[in-house]
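Geometric and topological summary
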Amino acid sequence: MRPLPPHPLRAGSRRKGLTGVAVTFFLLLAMALQTSASHAADTPVNLARNPGARAVASYQDGSYVAANAIDGNTATRWSSDHSNDNNAWIYVDLGGEYAVSSTSLTWEAAYAGAYKIQVSDDSTHWTDAYSTTSGHGGTETATVNKNAHYVRMQGVTPATQYGYSLWEFAVYGTSTGGGSSTGPVGTWGTAMQSAGSTFAQQTLRQVVHSTIGGTGARIHLSNAFGNAPVTLSDVHLAMPVANGGIDPATDRALTFGGASSVTIPAGGSAVSDAAAFTVPADADLAVSLYVPQSALSTWHQTANVTNYVAPGDQSGATALSGAQTNTSTYFLAGLDVQNPASPGAVVAFGASITDAISSTFGAYHRWPDLLSDRLLDSGRAVGVINEGISGNGLVFDGGGQKATTRFQRDVLDQPGVKWVIFGDDVVNDLLNPNPPSLAQIQSALGQLVGAAHAQGVTFICSTLTPFKGTNGWTQSREDERAAYNAYLRTPASGCDAVNDVDAATHDPANPQAYLPAYDAGDHLHPNDAGMQAIANAVQLSLFGAPTTAPRVNLALGRPTQASSVEAGSTLVAANATDGNRTTRWASAAADPQSLTVDLGQTRTLTQVELDWEAAYAAAYQIQVSPDGVSQWQTVASSTTGHGGDVWVPVSGTGRWVRLLGTTRGTPYGYSLWEFGVYGQ
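Each value, and the rule that gives it
- Residues numbered from 1 in each chain as written.
- Predicted model: local features only at pLDDT ≥ 70, side-chain atom pairs only at ≥ 80, totals over all residues.
- Heavy atoms only, no water.
- Helix = DSSP H or I, 4+ residues; strand = E, 2+ residues; numbered from the N terminus.
- Rg over C-alpha atoms; globule rule 2.2 N^0.38 Å.
- Buried < 20%, exposed > 50% of the residue type's maximum accessible area, 1.4 Å probe, protein only.
- Contact = heavy atoms within 4.5 Å.
- Areas by Shrake-Rupley, 256 points an atom, 1.4 Å probe, with all protein chains shown as cover.
- Core = buried A, V, L, I, M, F, W, Y, C linked by side-chain atoms within 4.5 Å.
- Pairing = 2+ DSSP bridges.
- Axes fitted to C-alpha atoms, helices over the stretch in contact; angles between N-to-C directions.
- Phe/Tyr/Trp six-rings, centres within 6.5 Å; stacked < 30°, edge-to-face > 60°.
- Lys NZ or Arg CZ within 6 Å of the ring centre and 35° of its normal.
- Left-handed = near helix turned anticlockwise from the far one by under 90°.

**Section: the overall build of the chain**
When its secondary structure is counted, the chain shows 9 helices and 37 strands. Scaling as 2.2 N^0.38, a compact globule of 680 residues should have a C-alpha radius of gyration of about 26 Å, and the chain matches this with 28 Å. Along the three orthogonal principal directions, the C-alpha set of the chain runs to about 80 × 80 × 55 Å. Here the chain, with 680 residues, has 52% of them falling under the buried criterion. The long-range fraction of contacts in the chain, counting pairs at least 24 apart against all pairs at least 6 apart in sequence, stands at 79%. A total of about 27200 Å² of accessible surface is found on the chain, and carbon and sulfur atoms cover 51% of it.

**Focus: the nonpolar core**
Grouped together as the largest cluster of nonpolar side chains are 67 residues, with contacts concentrated most on F331, L394, F422 and F459. Ranked by residues supplied to this core, first place goes to helix α6 (residues 438-454) with 6 residues. Excluding its chain neighbours within four sequence positions, the residues that come into contact with F459 are F407, V420, F422, L445, L448, V449, A452, H453, C495, D496 and A497. Listed in part, the 30 residues of the second largest apolar core include A66, L94, A148 and Y164.

**What about the sheet that holds strand β24 (residues 344-349)?**
Taking strand neighbours across the sheet as the criterion, the 5 strands line up as β25-β24-β26-β27-β28 in an open arrangement whose pairing is parallel. Sheet topology places β25 (382-386) and β28 (497-499) at the edges, where each strand pairs with a single neighbour. This sheet shows a mean twist of 25 degrees between the axes of neighbouring strands, independent of strand direction. Relative to strand β26 (residues 417-422), β24 runs parallel, the two sharing 5 bridges. Note that in β26 the partner of V347 across the bridge is V420.

**Comments concerning the packing of aromatic side chains**
Taken as a whole and assessed by the stated rule, the structure comprises 15 aromatic pairs. Pairing W647 with Y678 gives two aromatic rings, centres 4.9 Å apart and planes at 45 degrees, and the pair type is tilted. Residue W647 is located in strand β36 (residues 645-664), and its partner Y678 is located in strand β37 (residues 671-679); the two are separated by 31 residues in the primary sequence. On the basis of relative accessible area, Y678 is assigned to the buried category, the value being 5%. The structure contains a cluster of three or more aromatic residues connected by ring pairs, namely W89, Y91, W126 and Y150. Sitting above the plane of the W167 ring, R77 keeps its charged end 6.0 Å from the centroid. It is R658 that lies over the ring of W632; its NZ or CZ is 4.1 Å from the centre.

**Some thoughts on the environment of L254**
Inspection of the secondary structure puts L254 in the loop between β14 (252-253) and β15 (261-264). Discounting residues that sit within four places of it in the chain, L254 has contacts with I219, V235, H236, L237, A259, S272 and A275.

**Notes on the environment of V449**
Within the secondary structure layout, V449 lies in helix α6. Using a relative accessible area of 5% as the deciding quantity, one classes V449 as buried. Considering only alpha carbons, one finds V449 and M239, 210 residues apart in sequence, at a separation of 38 Å. Apart from residues no more than four positions distant in its own chain, V449 is found in contact with F459, S493 and G494.

**Thoughts on the packing of α6 against helix α7 (residues 475-488)**
Relative orientation of the contacting elements α6 and α7 amounts to 35 degrees, with a least axis distance of 11 Å. Crossing handedness for the pair α6 and α7: right-handed. In this structure, α6 contributes L438, I441, Q442 and L445 to the contact, and α7 contributes E480, A483, Y484, Y487 and L488.

Shown next as structure tokens:
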């Protein structure tokens, strides 16, 4: 639509009003423009060219990636594996639900003799919208006339020996006119690895930690590295309680295309139907599933949280019987939510520093977790998905497939991905017995950058942290680290931004090594304080303007008192309100105990954060008071505390806020990294 012409009255004119004729003219003009805009909105456009659209394929032949089919460039193309791909497919994720009217396929010489156009609202369950057995190549159009979030070309029979190849896959349609067009966004995820445990007739109950909140929760299950199809059934989502239990009031059974079980082919994945479940931000959730037949699992080795395995089908059980614990995640790859305020998700992509094997177990002090805290505190509802694998490399396979191999699955296929932060993989390449050249590293990095940009994903590079003092360090490896870091800062790298985590973590007096306060002890990995330094190095402005109200911790730096402090320690009450998640308060090993903060004035409260160390409360109360001496009013309580980082909804007013622990969850006292109070 063209802008309106300048008003005929010049600035400074003394005329104060319009005549009736002029008013009528402008009313008619406005109506005409509104009608024109309405017709424009009803005109189908190529939805595959939307900023949030992306393409995913069953196979990509070399540089002929799926993104080429929706880039608007008829000189680039997607190609399938012509050796074994009768059933190859490519789909377009439109970024939300649209009224799809038609598709247009512009074939390269390798076209389909028979194919289907299918639609889906979850990328797992597909409905045929069009099919043909007389494909002729060139440009072929198909009428769809269905609402869809995903549109797929499903190959049936190739017309040549070279598989399928598309110059362009256009999807035409309009807005549905109802609801948000924002699609699911990842709030938690983990990178899948091969060679997990084998399970049979067992229930897995696994804890995940959300970053952003939302509704319409759905999960991703993976059999990416399985050696046979796997059936998973009786899948549940609930809020967890202590010792592997769940809150039955929150328990929801999940379905897959309406069914209570799903069979995933070897190398495949599945996405559940969206469930009526409200996911809180920054909260633990429990996913339970039953493995009825013997199956080799696809897994993530380092979950950094306690998970459970129990005999038989106990997915819906409030408490598990005969359960054993482990610290890995099996089959479960992601959790998504619908959140209209979210601009998308950022994927933290790296190795053991991103996987955070050196952070405090179960405390969510990994740098991606701490970045999520910063984003939420700033009012940015950005999902943070941790796809780090300990031992992973950019150039070489190691812990999991190398970065160039897994980038599509672990980054570009993540729901709502808009940014990726590439971290520490290159450290493992440099420590390889035969390290790659800088040119090899640059070339591999370029592959990732190019793939991200082809899909409209912002690529954020992180400099490499120092590792002098670790086994394998040499001056030549140090020189290559410095050269790589310098390269990232040049336009040739293709990085859209650079997080200088090297500068944030190294010792100014010895720049080739960690600052001792940030060293986990092996001179290779950061401790919790180092993790915070890495998270603090990320520029929040990269993620756009705030879309929600910032979280303001009213207790930060306020006077805090405790009923007791662990004998002989410096674990004082003020540690719990200093904003530093590497310092903590710890009480004596007795019940009851309390921690009280003076907010300075009467406040209206909405949430309290209890970031527990290992010594948590099994039962506690949150209380408020106008004077800090008497008139204590309980505004929240729990008898099923399970530790971790817990956000407690509260409703009340008061100047003093108290945590009253009544039953310890361990033989020790009570210990909090942070006691946060939120409201206004």
